[in-house]
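Each chain is listed here by its residues.
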Amino acid sequence: MSMFPGEMAAEPVNVNEFQELARLTLPQMYYDFYSGGAEDQQTLKENVEAFSRITFRPRVLVDVSRIDTSTSILSYNISAPIIIAPTAIHQMAHPEGEVATARAAAACNTIMVLSYSSSCTIEEVAASCNAVRFYQLYVYKRRDITRTLVNRAERNGFKAIVLTADTPRLGRREKDIKNKMIVPPLKNLEGLLTAKVVSDAGSNLEAFANETMDASLCWEDIGWLISITNLPILIKRILTREDAKKAVQAGAAGIIVSNHGARQLDYSPATISALEEVVNAVEGKIPVLMDGGVRRGTDVFKALALGAKAVLVGRPVIYGLAAKGEHGVRQVIEMLKDEFELAMALSGCPSLKHITRNHVRTERDRLHSML
């Protein structure tokens, strides 16, 4: 078989290499939209770098001839604690959009969280394949729109609602402003809301969010959301013990520790740095998941050692989709899963229940040991 020079090098061997493939594939405006963060992008960098400051305390001479990566989220079995996070407008990355992502998730036996700003409709994704899916939601000023979207998700077999709670206003994403990024019409909102908001300031994203999102949303409103659906509610973008306790009191079925991919408030903590505080506050009453900065299977292991039930992966999925469509998304998930399995074996953990807090050392641990 003939091979052009450099052709082998183009085949990614880890998740980070998909980002470069996506950069070469996508128009600059779209790549910037997916990859960018808020303002100075300090939190964007820190989400990834904070993982590198956590080290392992591996165990040896443990029987790891069989490794079981499987787990369950809200009683739904998945092959590994790696879930697809809600990200926007997949058809900007690949013509098949969220349908391709959904099929990849099903093939990997994991859960996809469909974004409210998906380019494929709730119904199209539901019809694409048989799988467990969650639906990510914002609450709009017009509560009837929120109710309609929740009802559609429930009617189409989605198993949970993921409420993103950190968007009373949109973060300042300067790359989108410079590029004058215009959001295409959101198909899930056709007939409900217009996405054609004009702004002279550059991107129309901020103008659209300010006109439609409910900035008055507060903890008391969680009860209303719970009352309009039979689906469990997970609250996304919890970073503090105070909010974690309020989420439990409000009736949340789960928490996602998140800083919105560093796209909202810059200088928010890296999610892996905030995770343990939230886990300790919840005291095991509801599951805690996390997203942000997961690029290696070792990152998955570190998150679980600090108390996460699972991680959600966002940008790498988009990069895989842009580079290779459905197959690229499958490759990204399988790479993370394979690396995670290897980390378990090399740390002496044959199953997830064997992963403990004592398997990792954080910066705080090192400081305490010096005192």
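In the block above lies the structure referred to throughout.
Presented here is an overview of the structure given in this document. Residue positions are given per chain, counting from 1 as you read along its sequence in written order. Local features in a predicted model are, by the rule used here, given only for residues with pLDDT of at least 70; side-chain atom pairs are given and counted only at 80 or more, and totals for whole chains, interfaces and linings are based on all residues. Excluding hydrogens and water, the side-chain values take into account all heavy atoms of the structure.

**So, the packing of helix H4 (residues 97-107) against helix H13 (residues 315-347)**
When two helices pack together, their arrangement is given by the angle between their axes and by how far apart the axes lie. Definition in use: Note on geometry: axes are lines fitted to C-alpha atoms, helical ones only across the stretch in contact, with angles between N-to-C directions running from 0 to 180 degrees. Helical segments are the DSSP runs of H or I of at least four residues, strand segments are the runs of E of at least two, and each set is numbered from the N terminus. Should an angle fall under 35 degrees it is taken as roughly parallel, and over 145 as roughly antiparallel, whereas 65 to 115 is taken as roughly perpendicular and any remaining angle as oblique. Left-handed describes a crossing whose near helix is turned anticlockwise from the far helix by less than a right angle; the clockwise case is right-handed. We call two residues in contact when some of their heavy atoms are within 4.5 Å. Under the scheme applied, nonpolar residues are Ala, Val, Leu, Ile, Met, Phe, Trp, Tyr, Cys and Pro; charged residues are Asp, Glu, Lys and Arg; polar residues are all the others, including Gly.
The interhelical angle for the contact between H4 and H13, taken along N-to-C directions, is 60°, at an axis separation of 9 Å. One finds that H4 runs oblique with respect to H13. The two elements H4 and H13 cross, and the hand of that crossing is left-handed. The segment H4 lies against H13, with Gly97, Ala100, Thr101, Arg103, Ala104 and Ala107 engaging Val317, Leu321, Glu326, Val329 and Arg330. When its residues are assigned to classes, the contact of H4 with H13 shows six nonpolar, two polar and three charged.

**Focus on the pattern of salt bridges**
The condition that has to hold: When a carboxyl oxygen of Asp or Glu lies within 4 Å of a side-chain nitrogen of Lys or Arg, that pair is called a salt bridge. Throughout, exposure labels follow a simple rule: accessible area from a 1.4 Å probe, protein chains only, divided by the maximum for the residue type, with under 20% read as buried, over 50% as exposed, and the rest as partly exposed.
Throughout the structure, instances matching the rule amount to 18 salt bridges. Among the ionic pairs, Glu123 bridges to Arg152, the shortest N-O distance being 2.9 Å. Here the residue Glu123 occupies a position in helix H5 (residues 122-128), and Arg152 occupies one in helix H6 (residues 143-155), the gap between them amounting to 29 residues. Under the relative-accessibility criterion, Arg152 is labelled buried at 12%. The partner of Arg357 in a salt bridge is Glu276, with the nearest N and O atoms 2.5 Å apart. With Arg357 in the loop between H13 and strand E12 (360-361) and Glu276 in helix H11 (residues 271-282), this residue pair connects regions lying 81 residues apart in the sequence. Several salt bridges converge on common partners, so that one network encompasses Glu46, Arg53 and Glu363.

**A word on the nonpolar core**
Here is the rule we go by: In this text, buried Ala, Val, Leu, Ile, Met, Phe, Trp, Tyr and Cys residues form a nonpolar core when linked through side-chain atoms within 4.5 Å.
Tyr135, Leu275 and Met290 are the most contacted members of the largest nonpolar core, which totals 101 residues. Top element by residues in this core is H13. It accounts for 13 residues. With residues up to four places along the chain from it excluded, the contact list for Leu275 reads Val257, Val288, Met290, Ala303, Leu306 and Ala308. Residues Ile73, Ala85, Val162 and Leu289 belong to the second largest nonpolar core, which totals 14 residues.

**Quick look at the layout of surface pockets**
Our working rule: Points on a 1 Å grid, built from protein atoms alone, make a cavity when a 1.4 Å probe fits but cannot get out and make a pocket when they are open with protein on both sides within 12 Å along at least 5 of 7 lines; residues with an atom within 4 Å of a point are the lining residues. Grid points are joined across faces, edges and corners, and a volume is the space filled by probe spheres set on the points.
Approximately 830 Å³ is the volume found for the largest pocket. Sorting the residues of the lining of the largest pocket by element identifies helix H1 (15-25), helix H2 (28-35), helix H3 (42-52), helix H8 (205-212), strand E11 (310-313) and H13 as the ones contributing at least two each. At four residues, H13 tops the list of elements feeding residues into the lining of the largest pocket. A per-class count over the lining of the largest pocket returns 23 nonpolar, 16 polar and seven charged.

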